[in-house]
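Fold and contact review
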Amino acid sequence: MSACLIALVILAFMSVFSAKYRRWAREAFNCVARRVTLRPCNTTFNQKVKAKVTSRLMRRSMRFARFTYRHFEGISWVFTIVMFVSLAYTAYGFYNLAVLGTCDPITGDCIFNPGGNPNRVLCPFHDLEPHESVPTIGGFMDIESASIDGRPKVYFIGTTWCPHCAWERPLFINVTSMFSDHADIKVIEIDQDYTEGEMEMFNHYSPEGSIPVVILGGKYFRIGSGEDLGEDGERQALTAIMCKITGDPIDICHSPDVSGLTAKL
Amino acid sequence: MDVDSIREDFVVLQKEVNGKPIIYMDSACMSLKPLKVLEAINNYYMNFPSCAGRSNHTLSNQVEEERKKAREAIQKFIGADRSNEIIFTRNTTEGLNLVMSSLDFDEGDVILTTDREHNSNLIPCHMLAKSAGITHQVVKSGDDFTFDMDRFQQALSDKVKLVSFVYTSNLDGHTLPVKEIIKAAHDNGSMVMLDAAQAVPHHDVNVKKLDVDFLAFSGHKMLGPTGTGALYVKEELQGLLRPFMVGGETVEWSTYDDHKFLNPPERFEAGLQNYAGEIGFAAAARYISSVGKDNISWHEQKLTERLHEGLSSIKGVEIVGVQNPSLRGGITSFNVSGMGFHEVAMLLNENDNIMVRSGQHCVHSWFKAHEIEGSVRASLYLYNTEEEVDKMVSAIGEIAKLS
């Protein structure tokens, strides 16, 4: 049955390009159709496939041919499962490409989007031109032209389904909550509820629509999570920048690790 | 017998498939056709493609004449006394069914068969058991799968109307001691029908010497075209057969209410006949006669013994049926332990273009009774060679390593 199933998919595809495979495809289809309706296959298609494969292998390696012959059913099932898993992943990739603009929302890698960045995914929100900025600690960008006036506002922008957001969000909340008396903190889920202004802000900082986006005081921002830093590294980077933008208001800002990072800003 | 010269008469043997020659070992199902047979068939279609007997023009007369010669050729081929004892059929199956359907059986009549009958001889018995209430008895073979004469003698009773046996088994090539069987049956007052599909093509069969009552065989297994066969019916028994299929060419005259049948064999040959086939069939018979039936028989025996010796030396190969190759004619059935028979046959075809049959060979009853699922069957004929047999043995040796 497994050989008929996998053969059906392969032969059906090859039949599109060559008529010589159509008879075989029909035979495979008949066999599969009978088996799924709990009737015995009334052709020797399974044996034909086995004989053809074994015969080819016998010309190259008797040992491999013997192994394949003896375990043909098991090997067929492995290939069948791998085929269905591959088909499922391919379909998932096409879906992501259509909806999100990238095949793999986890790695960002996509044959149609080569060089996709890790730690962030594309969100189908995009527009504005990028701004001028320089890299600083923790992968954050320093908008040199920006300054911090008054009580800083810090934002986490992501979505409920984004895995990088899921990694970053609790760290962001954990660190920024220490500065709750000194900064305005907001977590925005861009797939749920947001204001027009928040969308504009998101588009401004992430013109391609990648998420998550962490915006600290309008001065420092980063597109993507801090997974490369690890939890401890990310915690320290966030703390250092929060200290910087709030004026070192709490004790942790004076610890050697944090102050050392702050000095680099 | 010059096998190389014979092989040149067979066009298909000059072909190659995937760069390799064909090794044909399925003659028990269908034999190859020599040029002379193809030319005879072609000659009909090219030069006198007309009806026989119904018209009175030149072409029709020519067909009638050729058909008459064809019948005489078949008559001579099996040693019949008269050409009217030869009824042209489509195959052995039709011949066997004709007799079984046309004889009058009373409830309680017994038909004896062996335990290795082709379905074409077995199933009509089943049908008669249901329709006419006959009793079908199977004469089991001995432990060595050979015919058990004692069991047969014990089975003969005054109720046995017909003994219908396979002459040479298509399962394992075993040939029955038909002369002794016929004598015993006749002494008992029973008629004898022989399924000679695997016998007539391969060795000398003389119906008069055998004194058989009915004998059916096929043209396609003896180098003749498909759709041809013949049924021999002893002249004195022809009156016992009711016409099987009736219509055109079976009657002398008819009115709205009545008709008069022609004499045999025409009364059993309804409708337009396979003239080209019959002419080709006769050409095949003449070809075999020119080669010599004894030569063919001897050649096959030699090859079968060579094949048997080779296969027996391969670990895992089990010969099915009669083990002694001298009792088996040109047919060898076998299995490779741990492997499906269809797979073995397919691998032979894929690897070396060796064409054999696999399955139950229309003898399902024997396989079921012996709890064997099926077998690979190699059947040899006059055009097979020692090199082909050696190639077969070598191929099986390689395939057996897979299990």
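Residues numbered from 1 in each chain as written. Chains lettered and ligands numbered in written order. Predicted model: local features only at pLDDT ≥ 70, side-chain atom pairs only at ≥ 80, totals over all residues. Heavy atoms only, no water.

Within chain B one finds 13 helices and 17 strands. Taking 22 Å as the expected radius of gyration for a compact globule of 403 residues, we find that chain B reaches 22 Å, a close match to that expectation. Considered along the principal axes of its C-alpha atoms, chain B spans approximately 70 × 55 × 35 Å. For chain B, buried positions account for 57% of its 403 residues. (Helix = DSSP H or I, 4+ residues; strand = E, 2+ residues; numbered from the N terminus. Rg over C-alpha atoms; globule rule 2.2 N^0.38 Å. Buried < 20%, exposed > 50% of the residue type's maximum accessible area, 1.4 Å probe, protein only.)

Turning our attention to helix α3 (residues 58-77) of chain B. All names here are of chain B. With 20 residues, α3 extends 28 Å between its outermost C-alpha atoms, agreeing within 8% with the 28 Å of an ideal straight helix rising 1.5 Å per residue. Structurally, α3 contributes buried residues whose contacts are with α2 (35-47), β4 (86-89), β9 (214-218), β10 (229-233), α9 (275-291) and α10 (293-312). Positive backbone phi, at 75°, marks Gly79, one or two positions downstream of α3. (Expected span 1.5 Å × (residues − 1). Contact = heavy atoms within 4.5 Å.)

Quick look at the confidence of the model for chain A now. Considering every residue of chain A, the mean pLDDT works out to 83; 85% of them sit at 70 or more. Within the model, pLDDT remains below 50 along residues 122-130 of chain A, and this stretch shows 37 contacts once partners closer than five positions in the same chain are excluded. (pLDDT = per-residue confidence, 0-100.)

Time to look at the environment of Thr176 of chain A. Considering the arrangement of structural elements, one finds Thr176 of chain A in helix α6 (residues 163-176). Taking C-alpha positions, Thr176 of chain A is 9.6 Å from Tyr155 of chain A, a pair spaced 21 residues apart along the chain.

All names here are of chain B. Inspection of the secondary structure assignment puts Leu307 in helix α10. When its relative accessible area of 0% is taken as the criterion, Leu307 is described as buried. Each C-alpha atom, one on Leu307 and one on Val389, is 5.8 Å from the other, the two residues being 82 residues apart in sequence. Residue contacts for Leu307: discarding those within four places in its chain leaves Thr332, Ala378, Leu380, Val389, Met392 and Val393.

So, about a nonpolar patch on the surface. Residues and elements named next belong to chain A. Where nonpolar side chains cluster on the molecular surface, the patch consists of Trp77, Ile81, Val85, Tyr89, Tyr92 and Tyr95 and spans about 670 Å² of accessible area. If you trace the backbone, Val85 turns up in helix α5 (residues 72-100). For Val85, a relative accessible area of 42% translates into the label partly exposed. (Patch = residues over 30% accessible without salt bridge, like charges linked within 9 Å, V, L, I, M, F, W, Y side chains within 5 Å. Areas by Shrake-Rupley, 256 points an atom, 1.4 Å probe, with all protein chains shown as cover. Salt bridge = Lys/Arg side-chain N within 4 Å of Asp/Glu carboxyl O.)

Next up on the list: the packing of helix α3 (residues 45-58) of chain A against helix α4 (residues 62-70) of chain A. The angle between the axes and the distance between the axes are what describe a pair of packed helices. All names here are of chain A. Contact geometry for α3 and α4: axes closest at 7 Å, N-to-C directions at 160°. Judged by the angle between their axes, α3 and α4 are roughly antiparallel. For the crossing formed where α3 meets α4, the hand is right-handed. Taking contact as the criterion, the partners of Lys50, Val53, Thr54, Leu57 and Met58 in α3 are, on α4, Met62, Phe64, Ala65, Thr68 and Tyr69. Per-class residue counts for the contact of α3 with α4 are seven nonpolar, two polar and one charged. (Axes fitted to C-alpha atoms, helices over the stretch in contact; angles between N-to-C directions. Parallel < 35°, antiparallel > 145°, perpendicular 65-115°, else oblique. Left-handed = near helix turned anticlockwise from the far one by under 90°. Nonpolar A, V, L, I, M, F, W, Y, C, P; charged D, E, K, R; others polar.)

Attention now goes to the layout of surface pockets. Empty space among the atoms becomes apparent when a probe as large as a water molecule is rolled across them. All names here are of chain A. The calculated volume of the largest pocket comes to roughly 700 Å³. Mapped onto the lining of the largest pocket, the elements with two or more residues apiece are α1 (2-17), α3, α4 and α5. Taken together, the residues that form the lining of the largest pocket break down as 17 nonpolar, two polar and three charged. (1 Å grid on protein atoms, 1.4 Å probe; cavity = no way out; pocket = protein on both sides within 12 Å on 5 of 7 lines; lining within 4 Å. Points joined across faces, edges and corners; volume = space filled by probe spheres on them.)

A few words on the domain arrangement of chain A. Considered domain by domain, chain A is made up of domain 1 (2-99) and domain 2 (130-262). Here domain 1 of chain A and domain 2 of chain A have C-alpha centroids that lie 52 Å from each other. (Domains from an automatic or database assignment.)

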